[in-house]
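Observations on the model geometry
So the chains spell out like this:
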Amino acid sequence: MDKLLIRGGRNLRGVVPISGAKNAALPELCACLLTAEPVTLDNVPHLQDVNTMVRLIRNMGVVVERDDAGQVRVDASALTSPEAPYELVKTMRASVLALGPLLARFGEATVSLPGGCAIGSRPVDQHIMGLTAMGADIVVEHGYMIARLAKGLDRLHGARITTDMVTVTGTENFLMAAALADGETVLENAAQEPEISDLAEMLIAMGAQIEGHGTSHIVVNGVKELHGARHQVVADRIEAGTFLCAVAATGGDVVLTGARADHLEAVIEKLQAAGAQVTAVEGGIRVVSQGRLTAQSFRTTEYPGFPTDMQAQFMALNCISDGTATVTETIFENRFMHVNELVRLGAHIQIDGRRSVVQGVPRLSGASIMATDLRASASLVIAGLVAEGQTVVDRIYHLDRGYDRMESKLRGLGADIERVSA
């Protein structure tokens, strides 16, 4: 099992490219199942979750060709098995995204209940509710969702779907299913993340009729079939936010090429309030940080609020900032697992339910620590970059699920970091 060995105390300087977004690439790979014509995706990141999704759709009989430049060509014309087995998806919650496309195009699907990080409940009841409203019969048994069209239907039909909560993967599943449904589908309380807008733009390029994406009210008029297209995956705002926090914590001057400032407004506002200089530049974002910053309180919420996927990374920054800050997590009930590991490095953090109080300290001290989930692993890397001495981060397979060669990018900015085998 690989580990990261970090010798902290170096400023970060230079230019770093931001990869395509994992949370856009995964649903877009599933969207390729909606057509019998080839679809080409550019800027697909090299990630473990992407590898898992590629294996999953290949197992269905789909032809997938990849190159080292991030291009993926998908041909689902000869799909033979509309099933997502547990063995292939047990480490990835995005498996549920195969449900809508398979049901819409083939009228049936058998999809394992999703796995992924142990950061809290991710119920599939909203997916089942929405697809049932569109004419699906779905039962859950033996760990699988088994879905078929209701008796007498030859395709899904449009519906008005209002979810009980804002759900990103639910919105994505409904978008893909509605693209081939008969009639109009209206999504109320839809998620507004940039990755959903990117998926909608891909579907529109394939011939779908969608309006309102990027808002909480989306209207889809179904078409009988979709065609092939070529689409570039949007830049990963969470990877960009992670690098912004890393530079803010270590000090330095870095340009993030490909990053979109308009997708990170809540994070950038907090960084600027802390004392970092963050500006949109042509083709990316520039961050400059000097001296100790000021701790910032924040509350995670749905986009366009402060993202839960940036909570751990900003907490790492707060750990070495001046002052005390309160971090409130509203999305997942078990997303403070990184706190104990940060405390091992010398951080002062107290947890009270879904609130953490972080009292900044002048310095952290290197130690052996263990990643517990994807974003927690990124926060530990940031902490290691500023800690005195040597930090060893174990279980970095979590990191590989969501960050494209992170240690190589950090090394290119001057960090003393290397991957070692246990």
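For the structure itself, consult the block above.
Anyway, here's the lowdown on the structure attached to this text. The model shown is predicted, which means the values in this text are computed figures rather than measured ones.

This part is about the sheet that holds strand 1 (residues 2-7). Taken in spatial order, the 4 strands line up as 22-23-1-24 in an open sheet, and their pairing is mixed. The strands lining the two open edges of the sheet, one partner per strand, are strand 22 (368-370) and strand 24 (416-421). Here the strands of the sheet are splayed against their neighbours by 25° on average, with no regard to which way each runs. With 4 bridges joining them, strand 1 and strand 23 (residues 390-394) adopt antiparallel strand pairing. Pairing of L5 across the sheet is with V392, part of strand 23. Most of the contacts of helix 12 (residues 374-386) go to strand 1, to which it runs at about 30°, and overall it touches strand 1, strand 22, strand 23 and strand 24.

Attention now moves to the side chain of E172. Note that E172 resides in helix 6 (residues 168-179). What E172 contacts, discounting residues up to four positions off in sequence, is N23, P27, L97, E195, I196 and L199.

Pairing within the open sheet is mixed, and its 4 strands lie in the order 10-11-13-12. Lying at the two open borders of the sheet, with one neighbouring strand each, are strand 10 (160-162) and strand 12 (209-211). Averaged over all adjacent pairs, the angle separating strand axes in this sheet is 15°, with direction ignored. Summarising the sheet, strand 11 (residues 184-188) and strand 13 (residues 217-221) pair through 5 bridges and their orientation is antiparallel. Bridge pairing in strand 13 places V186 opposite V219. Along the sheet, helix 6 makes contact with strand 10, strand 11, strand 12 and strand 13, crossing strand 13 at roughly 25°.

Turning next to the packing of aromatic side chains. Tallied over the entire structure, the rule returns 3 aromatic pairs. Taken together, a centroid distance of 5.3 Å and an interplanar angle of 70° make the contact between F298 and F314 edge-to-face. Taken together, the residues span a long stretch of sequence, with F298 in strand 18 (residues 298-299) and F314 in helix 10 (residues 311-319) at a distance of 16 residues. Residue F298 shares its accessibility class with F314, and that shared class is buried. Members of the aromatic cluster, connected to one another through ring pairs, are F298, F306 and F314.

Procedures and definitions
Residues numbered from 1 in each chain as written. Predicted model: local features only at pLDDT ≥ 70, side-chain atom pairs only at ≥ 80, totals over all residues. Heavy atoms only, no water. Pairing = 2+ DSSP bridges. Helix = DSSP H or I, 4+ residues; strand = E, 2+ residues; numbered from the N terminus. Axes fitted to C-alpha atoms, helices over the stretch in contact; angles between N-to-C directions. Contact = heavy atoms within 4.5 Å. Phe/Tyr/Trp six-rings, centres within 6.5 Å; stacked < 30°, edge-to-face > 60°. Buried < 20%, exposed > 50% of the residue type's maximum accessible area, 1.4 Å probe, protein only.

Read these as geometric descriptors, not functional statements.
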